[in-house]
Amino acid sequence: MPRDVDLGREAFPHMTFRDGTVAGVQARLARVSFSGELAYEVHVSSWHGRHAWDALMAAGEPFGIAPYGTEAMHVLRAEKGFPIVGQDTDGTVTPHDLGMSWIVNLRKGDFVGRRSLLRSDLRRPDRRQLVGLLPVDPTALLQEGAQVVAAEHATAAPPVPMLGHVTSSYDSTALGRTFALALVERGRERLGATVHARTFDGGAHHAVPATVTEPIFYDPQGARRDG
(Lines give C-alpha, C1' and ligand atoms only; values in the text may rest on other atoms or scores of the structure.)
Protein backbone atom coordinates (compact mmCIF):
# COMPACT_ATOMS: atom_id res chain seq x y z
CA MET A 1 0.00 0.00 0.00
CA PRO A 2 2.67 2.63 0.87
CA ARG A 3 4.76 3.35 -2.21
CA ASP A 4 7.49 5.29 -0.40
CA VAL A 5 8.41 2.63 2.18
CA ASP A 6 10.28 -0.59 1.40
CA LEU A 7 8.34 -3.33 3.18
CA GLY A 8 10.93 -5.99 2.47
CA ARG A 9 12.10 -8.14 5.36
CA GLU A 10 15.69 -6.91 5.28
CA ALA A 11 14.83 -3.24 4.69
CA PHE A 12 12.11 -3.26 7.33
CA PRO A 13 13.04 -5.73 10.09
CA HIS A 14 10.84 -6.80 12.98
CA MET A 15 10.47 -4.28 15.84
CA THR A 16 11.29 -1.23 13.71
CA PHE A 17 9.17 1.57 12.27
CA ARG A 18 9.18 3.75 9.17
CA ASP A 19 7.43 7.00 8.26
CA GLY A 20 5.69 7.21 4.91
CA THR A 21 2.43 7.82 3.09
CA VAL A 22 -0.62 5.55 3.17
CA ALA A 23 -3.70 6.35 1.09
CA GLY A 24 -2.33 9.82 0.50
CA VAL A 25 -1.86 10.74 4.18
CA GLN A 26 1.18 10.77 6.44
CA ALA A 27 1.54 7.55 8.39
CA ARG A 28 3.91 5.72 10.69
CA LEU A 29 4.26 2.02 10.00
CA ALA A 30 5.53 -0.32 12.70
CA ARG A 31 6.57 -3.87 11.95
CA VAL A 32 5.34 -5.49 15.13
CA SER A 33 3.11 -8.46 15.78
CA PHE A 34 0.99 -9.58 18.73
CA SER A 35 -0.48 -12.39 16.65
CA GLY A 36 2.76 -14.10 15.63
CA GLU A 37 2.02 -13.51 11.95
CA LEU A 38 3.80 -11.13 9.56
CA ALA A 39 2.13 -7.82 10.46
CA TYR A 40 2.42 -4.06 10.17
CA GLU A 41 0.67 -1.48 12.30
CA VAL A 42 -0.45 1.66 10.46
CA HIS A 43 -0.69 4.81 12.58
CA VAL A 44 -2.34 7.92 11.16
CA SER A 45 -3.90 11.04 12.63
CA SER A 46 -7.34 10.39 14.11
CA TRP A 47 -8.74 12.74 11.46
CA HIS A 48 -7.68 10.28 8.78
CA GLY A 49 -8.58 7.07 10.60
CA ARG A 50 -11.73 6.19 8.65
CA HIS A 51 -10.15 7.19 5.33
CA ALA A 52 -7.09 4.99 5.92
CA TRP A 53 -9.24 2.07 7.13
CA ASP A 54 -11.48 2.18 4.06
CA ALA A 55 -8.49 2.43 1.73
CA LEU A 56 -6.70 -0.51 3.35
CA MET A 57 -9.83 -2.68 3.30
CA ALA A 58 -10.41 -1.86 -0.38
CA ALA A 59 -6.78 -2.63 -1.27
CA GLY A 60 -6.92 -5.92 0.60
CA GLU A 61 -10.30 -7.09 -0.73
CA PRO A 62 -8.81 -9.08 -3.65
CA PHE A 63 -6.67 -10.95 -1.11
CA GLY A 64 -9.54 -11.80 1.25
CA ILE A 65 -8.69 -9.24 3.92
CA ALA A 66 -10.89 -9.41 7.01
CA PRO A 67 -10.82 -7.62 10.37
CA TYR A 68 -10.53 -9.69 13.52
CA GLY A 69 -11.40 -8.88 17.10
CA THR A 70 -9.60 -8.96 20.41
CA GLU A 71 -10.79 -12.46 21.35
CA ALA A 72 -9.16 -13.88 18.20
CA MET A 73 -6.03 -11.88 19.02
CA HIS A 74 -6.00 -13.34 22.53
CA VAL A 75 -5.95 -16.88 21.11
CA LEU A 76 -3.25 -16.05 18.56
CA ARG A 77 -0.96 -14.35 21.08
CA ALA A 78 -1.37 -17.18 23.61
CA GLU A 79 -0.46 -19.78 20.96
CA LYS A 80 2.80 -17.85 20.63
CA GLY A 81 3.30 -17.61 24.39
CA PHE A 82 2.98 -13.83 24.42
CA PRO A 83 1.91 -12.81 27.96
CA ILE A 84 -0.64 -10.11 28.72
CA VAL A 85 0.50 -7.94 31.60
CA GLY A 86 -2.15 -8.11 34.30
CA GLN A 87 -3.53 -11.44 33.08
CA ASP A 88 -0.51 -13.70 32.76
CA THR A 89 1.39 -11.56 35.24
CA ASP A 90 0.83 -9.69 38.48
CA GLY A 91 2.99 -7.35 40.51
CA THR A 92 5.26 -10.20 41.62
CA VAL A 93 6.27 -11.51 38.19
CA THR A 94 9.66 -10.61 36.73
CA PRO A 95 11.05 -10.93 33.17
CA HIS A 96 13.04 -13.94 34.39
CA ASP A 97 9.82 -15.66 35.51
CA LEU A 98 8.44 -15.16 32.00
CA GLY A 99 11.52 -16.62 30.31
CA MET A 100 12.45 -13.14 29.10
CA SER A 101 15.85 -12.75 30.73
CA TRP A 102 17.16 -11.65 27.32
CA ILE A 103 15.32 -8.35 27.73
CA VAL A 104 17.27 -7.42 30.89
CA ASN A 105 20.82 -6.12 30.62
CA LEU A 106 22.33 -5.67 34.07
CA ARG A 107 25.59 -4.44 32.52
CA LYS A 108 24.16 -1.25 31.05
CA GLY A 109 24.16 0.67 34.34
CA ASP A 110 21.32 1.81 36.52
CA PHE A 111 17.67 1.59 35.45
CA VAL A 112 14.25 1.53 37.10
CA GLY A 113 13.76 -1.90 38.66
CA ARG A 114 17.43 -2.93 38.71
CA ARG A 115 17.65 -3.04 42.51
CA SER A 116 14.46 -5.09 42.74
CA LEU A 117 15.69 -7.66 40.21
CA LEU A 118 18.81 -8.20 42.32
CA ARG A 119 16.90 -8.93 45.53
CA SER A 120 17.36 -12.47 46.78
CA ASP A 121 13.62 -13.19 46.86
CA LEU A 122 13.32 -12.44 43.14
CA ARG A 123 16.23 -14.76 42.33
CA ARG A 124 14.92 -17.83 44.17
CA PRO A 125 14.97 -21.04 42.09
CA ASP A 126 11.48 -22.03 43.30
CA ARG A 127 9.69 -19.02 41.83
CA ARG A 128 6.60 -19.46 39.68
CA GLN A 129 7.44 -19.42 35.98
CA LEU A 130 5.32 -19.08 32.85
CA VAL A 131 4.74 -22.44 31.16
CA GLY A 132 2.24 -24.04 28.83
CA LEU A 133 -0.31 -26.66 29.80
CA LEU A 134 -1.82 -29.26 27.46
CA PRO A 135 -4.81 -31.03 29.04
CA VAL A 136 -4.53 -34.81 28.69
CA ASP A 137 -8.06 -34.65 27.27
CA PRO A 138 -7.58 -32.35 24.25
CA THR A 139 -11.19 -31.18 24.51
CA ALA A 140 -10.93 -30.14 28.17
CA LEU A 141 -10.85 -26.37 28.59
CA LEU A 142 -9.05 -25.47 31.79
CA GLN A 143 -10.68 -22.79 33.90
CA GLU A 144 -8.70 -19.56 34.09
CA GLY A 145 -7.70 -19.04 37.68
CA ALA A 146 -7.78 -22.77 38.45
CA GLN A 147 -5.23 -23.87 41.04
CA VAL A 148 -2.38 -25.98 39.71
CA VAL A 149 -1.37 -28.81 42.05
CA ALA A 150 0.95 -31.80 41.93
CA ALA A 151 -0.49 -35.15 40.83
CA GLU A 152 -0.44 -36.53 44.38
CA HIS A 153 -2.74 -33.73 45.51
CA ALA A 154 -5.24 -34.03 42.64
CA THR A 155 -8.00 -35.58 44.76
CA ALA A 156 -6.82 -34.69 48.27
CA ALA A 157 -9.18 -32.80 50.54
CA PRO A 158 -8.36 -29.09 50.75
CA PRO A 159 -6.29 -27.31 51.70
CA VAL A 160 -3.52 -28.65 49.46
CA PRO A 161 -0.19 -27.10 48.41
CA MET A 162 -0.64 -24.88 45.37
CA LEU A 163 2.02 -24.86 42.66
CA GLY A 164 0.47 -21.98 40.76
CA HIS A 165 -2.58 -21.13 38.67
CA VAL A 166 -3.90 -21.07 35.13
CA THR A 167 -3.60 -17.57 33.66
CA SER A 168 -5.00 -18.04 30.12
CA SER A 169 -6.98 -20.88 28.57
CA TYR A 170 -8.32 -21.27 25.03
CA ASP A 171 -9.54 -23.67 22.37
CA SER A 172 -7.22 -23.41 19.37
CA THR A 173 -8.20 -24.04 15.76
CA ALA A 174 -4.56 -24.06 14.69
CA LEU A 175 -3.61 -26.66 17.31
CA GLY A 176 -6.84 -28.62 16.97
CA ARG A 177 -7.17 -28.79 20.75
CA THR A 178 -7.31 -26.78 23.96
CA PHE A 179 -4.25 -25.32 25.65
CA ALA A 180 -3.39 -22.96 28.49
CA LEU A 181 -0.70 -20.76 29.99
CA ALA A 182 0.07 -20.95 33.70
CA LEU A 183 2.41 -19.67 36.37
CA VAL A 184 3.85 -22.78 38.02
CA GLU A 185 6.46 -23.16 40.76
CA ARG A 186 9.74 -24.30 39.19
CA GLY A 187 7.78 -24.53 35.96
CA ARG A 188 10.72 -24.96 33.61
CA GLU A 189 11.99 -27.87 35.69
CA ARG A 190 8.61 -29.60 35.30
CA LEU A 191 8.50 -29.73 31.48
CA GLY A 192 6.95 -33.07 30.50
CA ALA A 193 5.46 -33.65 33.95
CA THR A 194 1.76 -34.00 34.70
CA VAL A 195 0.05 -31.55 37.02
CA HIS A 196 -3.63 -31.04 37.80
CA ALA A 197 -5.80 -27.94 37.49
CA ARG A 198 -8.29 -27.98 40.35
CA THR A 199 -11.57 -26.10 40.37
CA PHE A 200 -14.61 -26.07 42.62
CA ASP A 201 -17.95 -26.17 40.85
CA GLY A 202 -21.41 -26.86 42.22
CA GLY A 203 -20.14 -28.29 45.47
CA ALA A 204 -17.73 -30.72 43.79
CA HIS A 205 -13.99 -30.59 43.24
CA HIS A 206 -12.64 -31.23 39.77
CA ALA A 207 -9.01 -31.96 38.86
CA VAL A 208 -8.03 -31.95 35.19
CA PRO A 209 -4.63 -33.52 34.36
CA ALA A 210 -2.37 -31.57 32.03
CA THR A 211 1.18 -31.88 30.72
CA VAL A 212 3.60 -29.03 31.41
CA THR A 213 5.13 -27.71 28.17
CA GLU A 214 7.04 -24.77 26.79
CA PRO A 215 4.72 -21.73 26.57
CA ILE A 216 5.16 -21.39 22.78
CA PHE A 217 2.74 -23.75 21.05
CA TYR A 218 2.78 -22.47 17.48
CA ASP A 219 5.62 -21.55 15.10
CA PRO A 220 8.33 -21.52 17.79
CA GLN A 221 11.00 -20.39 15.31
CA GLY A 222 9.00 -17.29 14.31
CA ALA A 223 9.05 -18.16 10.61
CA ARG A 224 5.52 -16.83 10.03
CA ARG A 225 6.35 -13.56 11.77
CA ASP A 226 9.16 -13.04 9.28
CA GLY A 227 7.08 -13.94 6.25
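Residues numbered from 1 in each chain as written. Predicted model: local features only at pLDDT ≥ 70, side-chain atom pairs only at ≥ 80, totals over all residues. Heavy atoms only, no water.

Caption draft 1: Quick peek at the sheet that holds strand 2 (residues 25-30). Strand order in this open sheet of three strands is 1-2-3, and the pairing throughout is antiparallel. Across the chains shown, the open sheet's two edge strands, defined by having one partner strand only, are strand 1 (17-22) and strand 3 (41-43). Across this sheet, the average inter-strand angle for adjacent strands is 35 degrees, counted without regard to direction. (Pairing = 2+ DSSP bridges. Helix = DSSP H or I, 4+ residues; strand = E, 2+ residues; numbered from the N terminus. Axes fitted to C-alpha atoms, helices over the stretch in contact; angles between N-to-C directions.)

Caption draft 2: Here's a closer look at the environment of Gly176. By the secondary structure assignment, Gly176 is in the loop between strand 6 (164-172) and strand 7 (177-185). Gly176 sits in the exposed class, given a relative accessible area of 60%. Considered as a pair, Gly176 and Thr139 are 37 residues apart in the sequence and their alpha carbons are 9.1 Å apart. (Buried < 20%, exposed > 50% of the residue type's maximum accessible area, 1.4 Å probe, protein only.)

Caption draft 3: Seen up close, the nonpolar core. Formed by 15 residues in total, the largest nonpolar core has its most connected members in Leu133, Leu142, Val148, Leu163, Val166, Val184 and Val195. Going through the elements one at a time, strand 4 (128-135), strand 5 (147-150), strand 7, strand 8 (194-201) and strand 9 (204-213) are the ones with two or more residues in this core. Examining the composition of this core, we find that three residues originate from one element, strand 7, more than from any other. The residues touching Leu133, leaving out its near neighbours within four places in the chain, are Leu142, Val148, Val166, Phe179, Ala180, Ala182, Val195, Ala210, Thr211, Val212, Thr213 and Phe217. Core analysis: the next-biggest nonpolar cluster, separate from the first, contains ten residues, Ala78, Tyr170, Leu181 and Phe217 among them. (Core = buried A, V, L, I, M, F, W, Y, C linked by side-chain atoms within 4.5 Å. Contact = heavy atoms within 4.5 Å.)

Caption draft 4: Structural context of the pattern of salt bridges. Counting across every chain of the model gives eleven salt bridges. Residue Asp19 pairs with Arg28 through a salt bridge whose shortest N-O separation is 2.7 Å. For Arg28, a relative accessible area of 41% gives the class partly exposed. With a shortest N-O distance of 2.8 Å, Arg224 and Glu37 are connected by a salt bridge. Note that Arg224 is positioned in the segment after strand 9 and Glu37 in the loop between strand 2 and strand 3, a separation of 187 residues in sequence. Overall, the relative accessible area of 41% leaves Arg224 in the partly exposed class. Where salt bridges share partners, they join Arg31, Arg225 and Asp226 into one cluster. (Salt bridge = Lys/Arg side-chain N within 4 Å of Asp/Glu carboxyl O.)

Caption draft 5: Just helix 2 (residues 70-79), in detail. Along helix 2, the residues that are buried comprise His74, Val75, Arg77, Ala78 and Glu79. In the core, the buried residues of helix 2 are packed alongside strand 6 and strand 7. With its phi angle positive at about 75 degrees, Gly81 sits one or two positions after the end of helix 2.

Caption draft 6: Structural detail: helix 1 (residues 49-60). Here helix 1 spans 16 Å end to end across twelve residues, near enough to the 16 Å set by a 1.5 Å rise per residue. Three or more residues of helix 1 are buried, namely Ala52, Ala55 and Gly60. When helix 1 is viewed along its axis, its buried side chains cluster within an angular range of 125 degrees and face the same direction. (Expected span 1.5 Å × (residues − 1). Arc of directions from axis to C-beta.)

Caption draft 7: Structural context of the environment of Pro159. Along the polypeptide, Pro159 turns up in the loop between strand 5 and strand 6. Residues Pro159 and Glu214, spaced 55 residues apart in sequence, show a C-alpha to C-alpha distance of 28 Å.

Caption draft 8: Broad picture of unusual backbone geometry. Across the junction of Pro158 and Pro159, the peptide omega takes the value 0 degrees, indicating a cis bond. Phi at Arg186 is positive, roughly 50 degrees, even though this residue is not glycine. Looking at where Arg186 falls in the secondary structure, it is placed in the loop between strand 7 and strand 8. Despite not being glycine, Asp219 has its phi angle at roughly 50 degrees, a positive value. With respect to the helices and strands, the residue Asp219 is situated in the segment after strand 9.

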